Each structure stands twice: as structure tokens, then as C-alpha cells.
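Examination of the molecular architecture
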Amino acid sequence: TMVQLVQNLAKQYMQKNPEVSIVIVHYGGEKELFQTINKQRVIKNRFRKSEFILVDNNETDSVSKIIKSKFDWIKYFKPKNNLGFGGGCNYGRSKAKGKFLFFINSDILVDYKSFLDLYDFIKKNKKVGIVSPRLINISGKFTPEATRELTPFRGIFTQSIINKIYPNNPVTKS
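All residue numbers refer to positions counted from 1 along the written sequence of the respective chain. Where totals are concerned, whole chains, interfaces and linings use all residues; where local detail is concerned, this predicted model gives features only for residues with pLDDT of at least 70, and gives and counts side-chain atom pairs only at 80 or more. To get the side-chain values, all heavy atoms of the structure are used, and hydrogens and water are removed first.

Moving on to helix α5 (residues 112-124). When the terminal C-alpha atoms of α5 are compared, their 18 Å separation across 13 residues agrees well with the 18 Å that a helix rising 1.5 Å per residue should span. Using a 1.4 Å probe on the protein chains alone, a residue whose accessible area is under 20% of its type maximum counts as buried, one over 50% counts as exposed, and one in between counts as partly exposed. Each helix is a run of H or I in the DSSP string that is no shorter than four residues. Each strand is a run of E no shorter than two, and both are numbered from the N terminus. Taken residue by residue, α5 has Y112, F115, L118, Y119 and I122 as its buried positions. The arc that holds every buried residue of α5, seen down its axis, measures 135°, which confines them to one face. Along α5, the residues that are exposed and aim more than 90 degrees away from the buried face are K113 and K124. Working rule for helices: expected span equals 1.5 Å times residues minus one. The directions considered for the arc run from the helix axis to the C-beta atoms.

Another point: the side chain of S21. With respect to the helices, strands and loops of the structure, S21 is situated in strand β1 (residues 20-26). Judged by relative accessible area, S21 falls into the buried class, the value being 0%. What qualifies as a polar contact is a pair of N or O atoms within 3.5 Å, subject to a donor-acceptor requirement within protein and to the restriction that residues adjacent in sequence count only when both atoms come from side chains. Engagement of the side chain of S21 in a polar contact is seen with the side chain of E51, the distance being 2.4 Å. Among all residues touching S21, those that are not within four sequence positions of it are E51, A96, K97, G98, F100, L101 and F102. Pairs of residues are marked as contacts when any of their non-hydrogen atoms sit within 4.5 Å.

Only buried residues count toward a nonpolar core. Its members are Ala, Val, Leu, Ile, Met, Phe, Trp, Tyr and Cys residues joined through side-chain atoms within 4.5 Å. In terms of nonpolar packing, the biggest core is built from 25 residues, with I37 and I67 touching the most fellow members. Those elements that place two or more of their residues in this core are β1, α2 (30-46), β2 (50-56), β3 (74-77), β4 (100-105) and α5. Of the residues forming this core, the biggest block, five residues, is contributed by α5. In terms of nonpolar packing, the next biggest core, distinct from the first, is built from five residues, V23, I53, V55 and C89 among them.

This part is about the pairing of β1. Burial analysis of β1 places seven of its seven residues in the buried class, which makes it a mostly covered element. Alternating positions in β1 separate into two faces, V20, I22, I24 and H26 on one and S21, V23 and V25 on the other, with burial throughout. Consider the strands pointing away from the viewer: the crossover is right-handed when the path from the first strand over the helix to the second runs clockwise. Handedness of the β1-α2-β2 crossover: right-handed. Where β1 meets β4, six bridges bridge the pair, whose relative direction is parallel. Across the sheet, S21 pairs through a bridge with L101, a residue of β4. Pairs of strands are assigned from DSSP output, requiring at least two bridges between the strands.

What follows is the structure, given as C-alpha cells:
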């Protein structure tokens with residue numbers, strides 16, 4: 001039908017011209033990777049202006065067949081060597097077509113609302129070059145390393161014994 005044709009053309013256009021490239025850098029746990037991918041599927045289904053790139057730093061080839069067969073919407077890349085997170089981000093960036101880049105580790109869960117909040121903020125604020133979410137650990141607690149503003153004082157303080165003795169201090173609580 002005409003509606004299907006228009007939908008297919010729009011899908012093809014978005015695949016060639018994504019607004020956001022989401023780069024997942026993977027090394028290690030398969031279980032966490034697939035949890036991350038399943039969370040990203042929600043973003044894929046609701047934010048059509050995106051592409052998904054997986055840079056697989058594993059030495060073994062354990063996930064490639066699963067990715068290619070069950071997650072054909074992900075562009076899968078396996079560098080010759082383990083590039084680490086930073087190198088994997090750069091490698092993924094070289095394959096990305098999006099105007100904006102969104103980098104995550106393969107054990108990070110990002111919900112749609114958080115993704116959209118970050119996207120909306122950077123889209124509306126032309127002078128902003130990078131955004132980062134606040135991080136919540138597995139027990140649901142805010143991680144002090146992900147505060148609004150990272151300063152040398154705050155960085156040193158969060159890594160010191162003082163933070164362990166006095167965890168609800170005003171420096172890391174904000």
C-alpha cells in the first residue's frame with residue numbers, strides 16, 4: 001500500500017541520515033550486553049532518528065552471531081585488537097553518521113526518558129558540546145562521581161576516606 005511505501009522510504013532515510021548515533025562499546029559480560037541492547041531497543045522503536053553501533057572488543061567471537069541474527073538493526077564491528085573504551089568510542093565514531101554521538105558501555109542501562117532528556121537538552125542548547133546523565137548504581141543509589149559539576153576538589157573528595165566515613169556530606173551529596 002501507499003502508507004507502507006511511505007513508511008519504508010522514511011525508514012530508509014532515517015537509516016542513512018540518523019540524528020543520533022548510539023555507540024555501545026563491549027568487552028566482557030554477555031548477559032549485561034544483551035540487557036543493554038534490549039533497553040536500547042525501546043529507544044530504537046520510539047526514536048526513529050537513531051542508529052546503533054556495537055564495537056566488540058572481546059577476544060572471542062561469542063556474540064557476533066547472536067547480534068547479526070537477532071539484532072539486525074545494530075551495526076556490528078569487531079576491531080582486530082581490544083581498543084579499550086576510549087579507542088572503541090573513537091572506532092565507533094568513525095563508523096557513525098549521526099549529528100550527535102551517544103557513547104555507552106555495554107553494561108549501562110539507559111531508559112528512553114533519560115535519553116530523550118539528554119537529546120532535548122543538547123539540541124536546544126547550541127553552546128553545549130557534551131552532556132552526561134547522573135548515574136544510579138545497581139542498588140538504586142545515586143553515585144557521587146556523577147554530580148552536576150566535576151571539580152578537582154569534588155573528584156579528590158569522592159575518592160578519599162572522608163567520603164567513606166561521612167557519605168552524606170554536602171560535597172558529594174549534591
